[in-house]
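# Understanding the architecture of this molecule
For reference, the chains in residue letters:
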Amino acid sequence: MGLEELMEMEVTSVSKKPEKLMDTPAAVRVITAEEIRRSGATSITELLRFAAGVQVARTDSSGWAIGVRGFTSSLSRSLLVLIDGRSVYSPLFAGVYWDTQDVVIEDIDRIEVIRGPGATVWGSNAVNGVINVITKSAKRTQGSAIAFGAGNQEQLAGGVRSGWETSQGTAMRAYAKYFDRDAEFHHDGDEFDQWDMTRAGFRADGALGERDRFTVQGNVYDGRVGDRATLATYTAPYSEVIRQDSEVWGGNLLGRWTRPTSEASDITVDLYYDRTYRNQPGFSEDRDTVDLEFRHGARLGFRHELLWGAGYRVTDGDAKGEPAIQFVPENRRDDVVSAFVQDEIQVLPSKLVFTIGSKFEHNDYSGFNYQPSIRVLFSPVPGHAVWSAVSRALRVPSRVETDLLLTALVEPSTPTFVRLIGTDQFKPERLTAYELGYRVQPTKALFLDVALFYNEYDRLLSVEMGTPFTETSPPPSHTVVPFTLDNRMEAHVWGAELAYEWRPFSKWLISGSYSWLEMNLFHEEGSNDVSTETSTEGSSPRHMASIRSLIDLPHGLGLSVGFRHVGSLPSQQVRSYTEMDITVSRHLTQNLDLTVSGRNLLSSHHAEFAGGQPDSVEISRSIHGRLAFRW
């Protein structure tokens, strides 16, 4: 794809409507299908490393800690992740189970990564960023393909996909895939984190009459995720290490109907159902979710383009735990009613555009909330765009903040335990974000994208120590030190991000990024939290940089070489590191492709998160080969 085509590419995740990348008033990175195909990546998370300001740290074979503009954690909180517009965050902890998020990599059309708030159109939890994985229509995946891969980490992987068209003109595709992944490097030799998953799904795109368009798609999955947990017990020795494969399975079904009501107006209705089940050491959860959304877009006169919509979401979860991990009550149903409105105002057509809007929500945890924003785009001449934004976003409470009782052993000789206690008084965490960006294409071969941001957070989660007490039931008598979850932490976070793409020749693309981050957390007066400040600040790197080269060589060869540098994580005891990935692809015949990829080639293993301990996990060097046949 040439740079002119890239600037003309339409993105939909910022405003829930198509708009050119160059004209988008937000910090957005589009990971294209070509980059995805040439990457050799086997998971969505690996692809996110292409975006500036996004930290992706692998914690073990199946786990990742991901953060956008700071606040990196294995829960990926305050980050909204979507697959074809379907939210995949868990209401249990307002985060993402990355080990169950997967699609056929070749079916991804693009990944839109928004750095910064997207709450005005997407709602609560779209605080630090929005990631939307958008797959290709069934019409673009006709024909059949089969693939097989193997390697030292990704030991076995295979899949089959077929696309066809019905007599009524409806395009269809169906797929099935499987992988079996080995454990990463363990200092204590306890290789517990093997991981395998089977997945299948379908998609249909067609028309109903002359105007109506529809999409129906669904997926089911079943897997085993190697896990290890240390759980407190109330009998000697008062703790036990459980090694157990977590059982995960689920499915989802999405329906989308679109009707243009005029040349400048259309209606879209989305309805999806999601079913998840997870049984892991310490607790299990069974959850059903239904989400309905209506959107209407219309051009009002010459200068206004109005987009509004409403939605209803209901989720019912049943969480069962051990004595040391409990959710009280076990079963909880939550409802979210929402509406949003956004007006794009052409003050100076094609030169100065204001976008004003707000999301309005009512949820069972915190009641009514609103999340407004104003964005400005100024394009003085072609090839130059300056944008700025002021936004408000909220992370609403989850079951972890309100219903959790988590007990852990501190001292077995006494015995003494600490207990984390949720509260129904927890308030939504709040962000006010100030952003400024500049995009420029100074030549046909070069594109630069710069973003600056300053974020003010208040009512962030804090852990407040209470008065120790003696508990006699269950016996024997033991001491409990309570810690209550509260909202007594604040933060100022600021930084800069640079992304570039340079095409010195038509068959050679060099792209990369650099990001700088400063975090300053502080607690309110009266708080006795002594850990959240240092643990949060020290879990995100100050500096990250990457450079990647894609080149087409003679005889059907393709070469991708990438370097990435990640700064140190003091609270995670992870030193800064630099790694290299290489992917070589070859068209063996017109229908047969061979791809060989090497990951983390500069070291046999290295820590990316939670290092420095005798039982810590480090990420291994890996080699993977793949054959794909199409007909």
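The rules behind each value
- Residues numbered from 1 in each chain as written.
- Predicted model: local features only at pLDDT ≥ 70, side-chain atom pairs only at ≥ 80, totals over all residues.
- Heavy atoms only, no water.
- Phe/Tyr/Trp six-rings, centres within 6.5 Å; stacked < 30°, edge-to-face > 60°.
- Buried < 20%, exposed > 50% of the residue type's maximum accessible area, 1.4 Å probe, protein only.
- Helix = DSSP H or I, 4+ residues; strand = E, 2+ residues; numbered from the N terminus.
- Lys NZ or Arg CZ within 6 Å of the ring centre and 35° of its normal.
- Pairing = 2+ DSSP bridges.
- Contact = heavy atoms within 4.5 Å.

## Some thoughts on the packing of aromatic side chains
All told, the structure shown has 14 aromatic pairs when counted by the stated rule. A ring pair is formed by Phe-93 and Tyr-97, whose centres lie 5.0 Å apart and whose planes are at 80°; its orientation type is edge-to-face. Each of the two residues, Phe-93 as well as Tyr-97, counts as buried. Ring plane angle 80° and centroid distance 6.3 Å describe the contact between Tyr-238 and Phe-417, whose orientation is recorded as edge-to-face. Here the residue Tyr-238 occupies a position in the loop between strand E15 (212-232) and strand E16 (239-262), and Phe-417 occupies one in strand E26 (residues 416-421), the gap between them amounting to 179 residues. Taken together, the ring pairs connect Trp-64, Phe-179 and Trp-195 into an aromatic cluster. Sitting over the ring of Trp-122, Lys-16 keeps its end group 4.4 Å from the ring centre. Lying over the aromatic face of Tyr-97, Arg-278 brings its terminal NZ or CZ to 3.8 Å of the ring centre.

## Re the pairing of E15
Bridge count between strand E14 (residues 195-208) and E15: 14 bridges; the pairing is antiparallel. Looking across to E15, one finds that Asp-196 is bridged to Arg-224. In sequence, E14 turns back onto E15 through a hairpin of three residues, with Gly-209 there showing a positive phi of about 80°. In the sheet, E15 pairs with E16 via 20 bridges, with the strands oriented antiparallel. Looking at E16, one finds that Val-216 is bridged to Gly-255. In this antiparallel pair of consecutive strands, E15 and E16, the connection spans six residues, and Tyr-238 shows a positive phi of 75°.

## Looking at the sheet that holds strand E7 (residues 86-87)
Here five strands make up an open sheet; going across it, the order is E3-E8-E9-E6-E7 and the pairing mixed. If you trace the sheet from one side to the other, it starts and ends with strand E3 (27-32) and E7, each paired once. Here strand E6 (residues 79-83) runs beside E7; their pairing, made up of two bridges, is antiparallel. The residue of E7 that forms the bridge with Leu-82 is Ser-87.

## Here we look at the environment of Gly-512
Examined against the element boundaries, Gly-512 turns out to sit in strand E31 (residues 508-523). Spatially, the C-alpha atoms of Gly-512 and Arg-548 are 5.9 Å apart, while their sequence positions differ by 36 residues. Those residues in contact with Gly-512 that sit more than four places away from it in its chain are Leu-498, Ala-499, Tyr-500, Ser-546 and Ile-547.

## Quick look at the sheet that holds strand E13 (residues 185-186)
The strand order across the open sheet formed by three strands is E13-E37-E36, and the pairing between neighbours is antiparallel. Two strands lie at the open edges of the sheet, namely E13 and strand E36 (605-606), each paired on one side alone.

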